[in-house]
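Breakdown of the fold
Here is what each chain is made of, one letter per residue.
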Amino acid sequence: MDPWKETEGDHNWFTRDRRHGEDMGSPFNIAARSRVLSDDWILKADVRHSFKAHTGGIRAIDAHENESFFVTGSKDGLVKCWRLEQAKCQLSYDGHKEPVTAVNLLDGGRRVASCDHSVHIWDPESGRRLFRIGDSSTILCMYPFVHQQVLVLGTSENTLRFIDHNAGTHMYEYRLYPSLSGSLRSLAASPDRTWLAAAYNTGMITLLDQRTGLLHESWKAHDGGILHIEPYGDNHLLSAGPDKCIHLWNVKTYPPTIVKSYGGLTHETLSCFKQHKKELIVGLGDRIGVSNLEEESTVVRTSAKLIHKA
C-alpha cells in the first residue's frame, strides 16, 4: 500500500506510514517525509494540474522542501493550503482583512506566517491563529531564518524587527538609516548568519551585519523598485528589478560587484524568481525560465510549453 496515499474515509491530511504503523505527523515533517531531489533537474514544464485557486490574483506562494505541499496567498485575503498530489485545497485561512502579500512555511511547516501589513502566525492543521504581529507599524515584507525560530519583519518605519515565531514575541530590532528614502520591498540573509540585505522600491540595497545591525554598504542595484532578492551561498546575492535584469552580486567585495547579469528578458514579463541549489528559476509571463548559476552562460532557457491553461 502506498503510504503517501489517503485511504477512503481518512479526512485527516496528516497521514500515517501504514507499512510500519508509525505516525508520520505533519506532511511538512522533513525528517519523516522528505524525498530526495535530483541535482540534475531538467525543466519539462508539463502541466500536471490546472485549477482555479483564488478569486483574486495570487501574490505569494511557498512550498515545502519535500514538494508535496504548498501554500498560496491572494488579493482575496485568503491563504490556502494545497496537497500537490491531489491538487486539492486542504484548508483555507480567512483571518486576514486585506490582500495577502507574503506567505512562509515555518518550523518545518508546522506553522504558517502570512502578511497583509500585519503578520499572522497560524496552525495549518486546524487553521487556528496563534499570534498576530503588527501595531502602529505597517509590515511591508518578512524573511524567515532557516534553522532558527526567527522571523525578520521590515516595517514602514524603516526598521527590521526580529520575532521569535515560536513564542510570538519581539526579540530586538535594527533601525535602518533614514537617508535611505523609499519603502522596503524584500529581505534576504546569508546562510552563515553574517549579513542581512534589505531592498527598497528605489532600487537601493542595504547590507547589514546580521549580528550587530551595523551598516556594511548601500548601493544602487537597479533602476526603479527591486522586485525580489535572495541569497546564493554565503558570499552572493541575487536581485531582480523592473529593468528586467537579474544580477548576481558578490557582497564580500567593497563595494559589492556584479558577477554576472541575466538579461535578454525584454520580451517577457519578469514576475518572480527562485534559486534552487545551483539553478536559477524565473517566472516569465506564462512560461518558466531556468539557468545554471555555476555556468558561464547567462542565457535563461524558457519552457516551450505554456505553464497555465485557461
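Please refer to the structure placed before this passage.
The rules behind the values
Residues numbered from 1 in each chain as written. Predicted model: local features only at pLDDT ≥ 70, side-chain atom pairs only at ≥ 80, totals over all residues. Heavy atoms only, no water. Helix = DSSP H or I, 4+ residues; strand = E, 2+ residues; numbered from the N terminus. Buried < 20%, exposed > 50% of the residue type's maximum accessible area, 1.4 Å probe, protein only. Contact = heavy atoms within 4.5 Å. Areas by Shrake-Rupley, 256 points an atom, 1.4 Å probe, with all protein chains shown as cover. Core = buried A, V, L, I, M, F, W, Y, C linked by side-chain atoms within 4.5 Å. Pairing = 2+ DSSP bridges. Axes fitted to C-alpha atoms, helices over the stretch in contact; angles between N-to-C directions. Polar contact = N/O pair within 3.5 Å; in protein donor to acceptor, adjacent residues only side chain to side chain. Salt bridge = Lys/Arg side-chain N within 4 Å of Asp/Glu carboxyl O.

A closer look at the overall build of the protein
For the protein, the helix and strand inventory stands at 1 helix and 26 strands. Looking at the 310 residues of the protein, the share that counts as buried comes to 46%. Once local pairs closer than 6 in sequence are excluded, the contacts in the protein between residues at least 24 apart make up 37%. Counting every atom, the protein has about 15800 Å² of accessible surface; 49% of that belongs to carbon and sulfur.

Digging into the nonpolar core
Phe145, Leu160, Phe162, Ile205, Trp219, Ile229 and Leu237 are the most contacted members of the largest nonpolar core, which has 29 residues in total. Every element with two or more residues in this core is listed here: strand E11 (139-144), strand E12 (150-155), strand E13 (159-164), strand E15 (184-189), strand E16 (195-200) and strand E17 (204-209). Take this core: its biggest share by element is 6 residues, from E16. Once residues within four sequence positions are removed from consideration, Ile229 is found in contact with Ser186, Leu187, Ala188, Ala197, Ala198, Ala199, Ile205, Leu237, Leu238, Ser239 and Phe273.

A closer look at the environment of Cys115
Here Cys115 shows up in strand E8 (residues 111-115). For Cys115, a relative accessible area of 0% corresponds to the buried category. When the C-alpha atoms of Cys115 and His96 are compared, they prove to be 8.3 Å apart, with 19 residues separating the residues in sequence. Apart from residues lying up to four places away in sequence, Cys115 is in contact with His96, Pro99, Val100, Thr101, Ala102, Ile139 and Met142.

A word on the sheet that holds E15
If you trace the 4 strands from one edge of the open sheet to the other, you get E15-E16-E17-E18, paired in antiparallel fashion. The outermost strands of the open sheet, each flanked by one partner alone, are E15 and strand E18 (215-220). Here the strands of the sheet are splayed against their neighbours by 15° on average, with no regard to which way each runs. In this structure, E15 lies alongside E16, joined through 5 bridges in antiparallel fashion. Counterpart to Leu187 in the pairing with E16 is Ala198.

Remarks on the pairing of E12
With 6 of 6 residues buried, E12 lies mostly within the body of the structure. Connecting E11 to the next strand, E12, in antiparallel fashion are 5 residues, including His147 with a positive phi near 65°. By the bridge criterion, 5 bridges tie E12 to E13 in an arrangement that is antiparallel. Residue pairing in the sheet places Leu153 in a bridge with Arg161 of E13. The hairpin turn running from E12 into E13, its antiparallel successor, is 3 residues long, and Asn158 in that turn takes a positive phi close to 65°.

Let's talk about the pairing of strand E24 (residues 279-284)
Counted residue by residue, E24 has 5 buried out of 6 residues, so it is predominantly covered. For strand E23 (residues 270-276) and E24, the ladder comprises 6 bridges, and the chain directions are antiparallel. Looking across to E24, one finds that Lys274 is bridged to Ile281. In textbook terms, the turn of a hairpin is the stretch between consecutive antiparallel strands, and for E23 and E24 this stretch comprises 2 residues, one of which, Lys277, has a positive phi near 55°. Pairing analysis gives 6 bridges linking E24 to strand E25 (residues 287-292), with the strands arranged antiparallel. When the sheet's bridge partners are listed, Leu284 is paired in E25 with Arg287. Where E24 folds back onto E25 in an antiparallel hairpin, the turn is made up of 2 residues, including Gly285, whose phi is positive at roughly 60°.

Points about the side chain of Ser74
By the secondary structure assignment, Ser74 is in strand E4 (residues 69-74). A polar contact of 3.0 Å, which involves the side chain of Ser74, links it to the backbone oxygen of Gly57. Looking at Ser74, its side chain comes within polar contact range of the main-chain nitrogen of Asp76, at 3.1 Å. If we ignore the near neighbours within four places in the chain, the residues touching Ser74 are His54, Gly56, Gly57, Ile58, Arg59, Pro99 and Val100.

Regarding the sheet that holds strand E6 (residues 88-93)
Taken in spatial order, the 4 strands make up an open sheet running E3-E4-E5-E6, and their pairing is antiparallel. Two strands lie at the open edges of the sheet, namely strand E3 (58-63) and E6, each paired on one side alone. Going across the sheet, the axis of each strand differs from the next one's by a mean of 20°, ignoring polarity. Bridge count for E3 against E4 is 5 bridges, and the pairing is antiparallel. For Ile58, the partnering residue across the bridge sits in E4 and is Ser74.

Details of the pattern of salt bridges
Counted according to the given criterion, the structure contains 4 salt bridges. With a closest N to O distance of 3.2 Å, Arg111 and Asp107 form a salt bridge. Under the relative-accessibility criterion, Arg111 is labelled buried at 15%. The partly exposed category is assigned to Asp107, whose relative accessible area is 29%. In this structure, the salt-bridge partner of Lys274 is Glu230, at a minimum N-O distance of 3.6 Å. Placement of Lys274 in strand E23 and of Glu230 in strand E19 (residues 228-232) is noted, with a sequence separation of 44 residues between them. Three or more residues are tied together by salt bridges with common partners; here these are Asp107, Arg110 and Arg111.

None of the figures reported here should be taken as evidence of function without further support.
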